[in-house]
Amino acid sequence: MASLSEGEVTNRGSMWELDQNLDRPMDEEAGRLKNMYREKKFSSALLLRLAFQSLGVVFGDLGTSPLYVFYNIFPRGVDNDEDVIGALSLIIYTLTLIPLLKYVFVVLRANDNGQGGTFALYSLLCRHAKINTIPNQHRTDEELTTYSRQTYEENSVAEKIKRWLEAHAYKRNILLILVLIGTCTAIGDGILTPAISVLSASGGIKVQNQNMSTDIVVLVAVVILIGLFSMQHYGTDKVGWLFAPIVLLWFILIGSVGAVNIHKYNNSVLKAYNPVYIYRFFRRRWNSDIWTSLGGVMLSITGTEALFADLCHFPVLAIQIAFTLIVFPCLLLAYTGQAAYIISHKKHVADAFYRSIPDAIYWPAFVIATAAAIVASQATISATYSIIKQALALGCFPRVKIVHTSKKFLGQIYIPDINWVLLVLCIAVTAGFKNQSQIGNAYGTAVVIVMLVTTFLMVPIMLLVWKSHWVLVVTFIVLSLMVEVPYFVACILKIDQGGWVSLVIATAFFLIMYVWHFCTVKRYEFEMHSKVSMAWILGLGPSLGLVRVPGIGFVYTELASGVPHIFSHFITNLPAIHSVVVFVCVKYLPVYTVPTEERFLVRRIGPKNFHMFRCVARYGYKDLHKRDEDFERMLFECVLFFVRLESMMEGGYSDSDEFSSPPPPRSSRLLTRCSEGEAASTVGDELEFLNRCKDAGVVHILGNTIVRARRDSGVVKKIAVDYMYAFMRRMCRENSVIFNVPHESLLNVGQIYYI
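Report on the accompanying structure. (Residues numbered from 1 in each chain as written. Predicted model: local features only at pLDDT ≥ 70, side-chain atom pairs only at ≥ 80, totals over all residues. Heavy atoms only, no water.)

1. Regarding the overall build of the protein chain
Moving on, step 1. When you go through the protein chain residue by residue, the secondary structure sums to 29 helices and 8 strands.
Moving on, step 2. A total of 755 residues make up the protein chain; the buried ones form 57% of that total.
Moving on, step 3. Expressed as a percentage of contacts within the protein chain between residues at least 6 apart in sequence, the contacts between residues at least 24 apart total 84%.
Moving on, step 4. When the accessible surface of the protein chain is summed, it comes to about 31900 Å², and 60% of that surface belongs to carbon and sulfur atoms. (Helix = DSSP H or I, 4+ residues; strand = E, 2+ residues; numbered from the N terminus. Buried < 20%, exposed > 50% of the residue type's maximum accessible area, 1.4 Å probe, protein only. Contact = heavy atoms within 4.5 Å. Areas by Shrake-Rupley, 256 points an atom, 1.4 Å probe, with all protein chains shown as cover.)

What follows is the structure, given as structure tokens:
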């Protein structure tokens with residue numbers, strides 16, 4: 001921020017100077033809380049164990065693709081052996097270029113301290129450039145240990161890119177829209193993955209009973225889906241210990257069956273490892289079914305984006321080990337073995353996976369396949385919860401209830417409202433289409449859009465965060481688009497064959513997220529422009545012109561500085577205010593988590609006899625508010641800690657190292673370090689006063705704001721604000737519920753904002 005000239009300060013007037021002195025940013029407090037962590041080290045044995053565990057969480061979706069890929073490549077059957085070899089060659093090199101090279105060895109490195117997905121990439125960019133559309137961040141936030149960022153030379157490429165992104169608001173909005181598109185299509189994956197995986201696995205019943213109706217297969221799939229979504233409230237931690245063995249058994253099964261089929265039926269399919277057959281495949285099918293076939297090949301890499309979104313609790317090296325040693329070889333064997341079987345049994349392409357299994361292990365294989373499909377569905381459902389939690393934290397999704405299902409793993413959450421919406425949509429897709437082909441078209445469309453979004457977001461990541469040479473950036477984007485653009489065209493051409501489903505789902509979620517974010521930004525801008533001057537508060541005197549009644553009032557605001565307009569609205573209409581007033585700003589930052597000891601910043605507002613404080617509670621997008629009794633207690637104890645610390649600093653206490661990493665606020669050992677003179681007596685009196693006020697009662701004052709469009713607004717804006725946003729506000733959870741504020745200590749202050 002540029003400094004003001006002497007003339008500008010003079011023109012502002014003494015009241016502006018007074019306001020700045022009374023309400024300074026919390027630079028000193030943030031610096032005092034700075035706490036450094038060491039990077040975690042993993043032993044070889046631990047890495048292998050984590051690589052094994054990652055199988056059940058990360059690779060389930062990618063591993064179940066062999067259930068339905070060849071059927072979607074050749075929905076009308078196979079006429080030529082070389083078509084099968086060409087399709088297999090496409091699968092092999094698509095798996096090599098996208099999951100292996102692009103994601104496992106490049107994109108996974110762009111994680112945000114272990115968190116993946118489009119919002120993780122966005123958070124990285126927001127820390128390295130001022131592109132966040134809600135400007136509630138301050139330089140004090142950069143003091144966080146989890147707030148890592150790069151510095152750039154004046155004329156470097158990275159600095160020029162940074163200035164270009166920050167230059168205009170429309171560029172920030174385009175970037176946000178790109179992120180929302182990727183997020184919405186990823187949510188669509190959470191609907192389509194369970195549908196196609198479970199339906200494909202259930203199809204094994206009909207292979208051994210050819211006279212069975214398709215409706216029975218669909219009914220079995222629906223029953224499994226209902227059971228799957230009904231168990232979500234238990235959390236993956238309860239059954240997670242089963243996931244890795246199931247998926248490992250699944251990969252061993254498909255790899256072994258594939259190797260047997262290569263030996264038993266036709267080892268000439270090994271020619272597919274020669275990329276020349278890709279050229280022959282395109283030349284032979286260019287005027288017929290090439291786009292249909294490409295859409296089917298696209299399904300072989302479904303789950304790759306979920307691999308990145310589910311990146312949590314596992315180091316990147318563990319995932320790289322699991323993919324290169326187990327997943328990749330087993331998938332190659334599985335697809336090669338299926339191709340060998342199809343060449344010998346061209347009429348069985350529709351259910352080639354189950355028909356290629358030896359009769360002796362058919363039913364055990366069916367059970368394993370169904371279990372693997374459930375695991376794959378669970379991975380994408382969990383990823384959907386995480387994505388929505390990230391969107392909510394960054395002001396891009398209506399407030400919904402979030403439940404932590406594990407005390408050990410912060411990332412394992414459950415969202416009841418979203419769970420039942422996903423269930424209804426998943427059943428509708430499964431029962432509505434009844435076949436893998438149309439669901440596969442919808443699934444492929446969603447997957448390729450997310451991949452394209454990731455490719456485009458990786459460009460500024462490589463330039464700003466990694467400071468990569470432009471040659472490497474161009475090489476990455478050319479190789480990625482060379483594969484993804486043809487698949488995108490193939491999926492778009494099949495919109496009328498089921499691909500429209502993913503677009504409809506993504507569009508619906510996009511409208512919800514964009515309208516909510518737009519109104520959130522406008523509401524924040526209104527509060528910024530209408531905030532009350534601290535000089536005005538000072539002019540009211542210690543009583544604020546009202547009766548100060550015993551008790552503590554926590555006034556919640558989105559502003560990290562200044563007094564919100566809602567407070568002036570409150571004291572204008574009510575004749576009394578509490579003896580202690582604490583302005584509480586709960587804000588989310590573009591970091592995955594904020595350490596507990598760095599979460600709260602507290603400072604005094606005005607003279608001591610005003611008994612007014614400001615507390616900024618900072619959270620990352622993976623953090624979750626504690627229950628009210630914890631949050632309220634932490635707020636109060638942070639104020640007590642600040643009062644003690646303030647008295648020590650005034651008393652000349654100089655051991656600054658004591659405060660570089662403060663202990664929990666409830667600790668009383670700091671108080672014993674105070675001098676026994678007048679300062680100790682003063683702080684003792686104030687602490688006693690604060691405790692008496694707490695015993696008298698705590699009231700949480702929240703703003704119940706109603707947003708309306710101005711009368712001169714356009715029709716689209718009126719529909720979005722007065723109807724869509726108003727409906728979502730009525731349907732979503734109130735702030736009091738999010739903060740777990742009990743009704744007996746809640747005071748809502750209503751206002752209408754016109755935007």
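Having seen the structure, we can now continue with the description.
2. Concerning the pattern of salt bridges
Moving on, step 1. In the structure shown here, the tally under the stated rule is 12 salt bridges.
Moving on, step 2. Where Asp351 meets Arg355, a salt bridge forms, and the shortest distance between an N and an O atom there is 2.9 Å.
Moving on, step 3. We note a salt bridge from Arg692 to Glu688, for which the minimum N-O separation is 3.6 Å. Of the two residues, Arg692 and Glu688 both sit in helix α27 (residues 678-696), 4 residues apart, roughly one turn of that helix. (Salt bridge = Lys/Arg side-chain N within 4 Å of Asp/Glu carboxyl O.)

3. Describing the packing of aromatic side chains
Ring pairs (aromatic) are described by centroid distance and by the angle formed between their planes.
Moving on, step 1. The tally for this structure, following the rule as stated, stands at 17 aromatic pairs.
Moving on, step 2. Summarising the aromatic geometry, the rings of Tyr354 and Tyr362 are spaced 5.8 Å apart at their centres and angled 55° between planes, so their arrangement reads as tilted. Each member of the pair, Tyr354 as well as Tyr362, is classed as buried.
Moving on, step 3. Between the aromatic rings of Tyr354 and Phe366, the centroid separation amounts to 6.2 Å while the plane-to-plane angle is 45°, which identifies the pairing as tilted. With Tyr354 in helix α18 (residues 352-355) and Phe366 in helix α19 (residues 362-393), the pair connects residues that are 12 residues apart, well separated along the chain.
Moving on, step 4. On the basis of relative accessible area, Tyr354 is assigned to the buried category, the value being 4%. (Phe/Tyr/Trp six-rings, centres within 6.5 Å; stacked < 30°, edge-to-face > 60°.)

4. Quick look at the pairing of strand β6 (residues 612-619)
Moving on, step 1. Across the 8 residues of β6, 8 count as buried, placing the element largely inside the fold.
Moving on, step 2. Relative to β6, strand β4 (residues 576-588) runs parallel, the two sharing 8 bridges. Looking at the pairing, Val584 lines up with Cys615 of β6.
Moving on, step 3. Relative to β6, strand β5 (residues 600-604) is paired through 5 bridges, and the arrangement is antiparallel. By the bridge assignment for β6, Val602 is matched with Cys615. (Pairing = 2+ DSSP bridges.)

5. Some points on helix α8 (residues 118-128)
Moving on, step 1. Of all 11 residues in α8, 11 are buried; the element is thus mostly enclosed.
Moving on, step 2. Regarding α8, the residues found buried are Thr118, Phe119, Ala120, Leu121, Tyr122, Ser123, Leu124, Leu125, Cys126, Arg127 and His128.

6. What to know about the sheet that holds β6
Moving on, step 1. The strand order across the open sheet built from 6 strands is β5-β6-β4-β3-β7-β8, with neighbouring strands paired in mixed fashion. Lying at the two open borders of the sheet, with one neighbouring strand each, are β5 and β8 (746-754). Sheet twist, expressed as the average angle between the axes of neighbouring strands with direction ignored, equals 25°.
Moving on, step 2. Note that strand β7 (residues 698-708) and β8 share 9 bridges and pair parallel. Counted as the bridge partner of Ile701 is Leu747 from β8.
Moving on, step 3. Running at roughly 95° to β8, helix α23 (residues 500-529) makes contact with β3 (547-557), β7 and β8 of the sheet. (Axes fitted to C-alpha atoms, helices over the stretch in contact; angles between N-to-C directions.)

7. Quick look at the packing of helix α7 (residues 81-104) against helix α22 (residues 470-492)
Each pair of packed helices can be described by the angle between their axes along with the distance between the axes.
Moving on, step 1. Contact geometry for α7 and α22: axes closest at 11 Å, N-to-C directions at 135°. Taken together, the axis directions place α7 and α22 in an arrangement best described as oblique. Where α7 crosses over α22, the handedness of that crossing is left-handed. For the pair α7 and α22, contact is made by Leu90, Thr94, Leu97, Ile98 and Lys102 and by Phe476, Ser480, Val483, Glu484 and Tyr487, respectively.
Moving on, step 2. Of the residues belonging to the contact of α7 with α22, the class tally is 6 nonpolar, 2 polar and 2 charged. (Parallel < 35°, antiparallel > 145°, perpendicular 65-115°, else oblique. Left-handed = near helix turned anticlockwise from the far one by under 90°. Nonpolar A, V, L, I, M, F, W, Y, C, P; charged D, E, K, R; others polar.)

8. With respect to empty space enclosed by the protein
Moving on, step 1. Tallied over the full model, the rule gives 3 cavities of 30 Å³ or more.
Moving on, step 2. Looking at the largest cavity, its volume works out to about 150 Å³.
Moving on, step 3. If you go around the largest cavity, you meet 18 residues; those closest to its centre are Ala186, Glu305, Ala309, Ala383 and Ile387.
Moving on, step 4. Only α8, α10 (169-202), α16 (304-309) and α19 provide two or more residues apiece to the lining of the largest cavity.
Moving on, step 5. When its residues are assigned to classes, the lining of the largest cavity shows 7 nonpolar, 9 polar and 2 charged.
Moving on, step 6. Approximately 70 Å³ is the volume found for the second largest cavity.
Moving on, step 7. What lines the second largest cavity is Pro66, Leu253, Ile254, Val257, Gly258, Asn261, Ala334, Gly337, Gln338, Phe353, Ser356 and Ile357. (1 Å grid on protein atoms, 1.4 Å probe; cavity = no way out; pocket = protein on both sides within 12 Å on 5 of 7 lines; lining within 4 Å. Points joined across faces, edges and corners; volume = space filled by probe spheres on them.)

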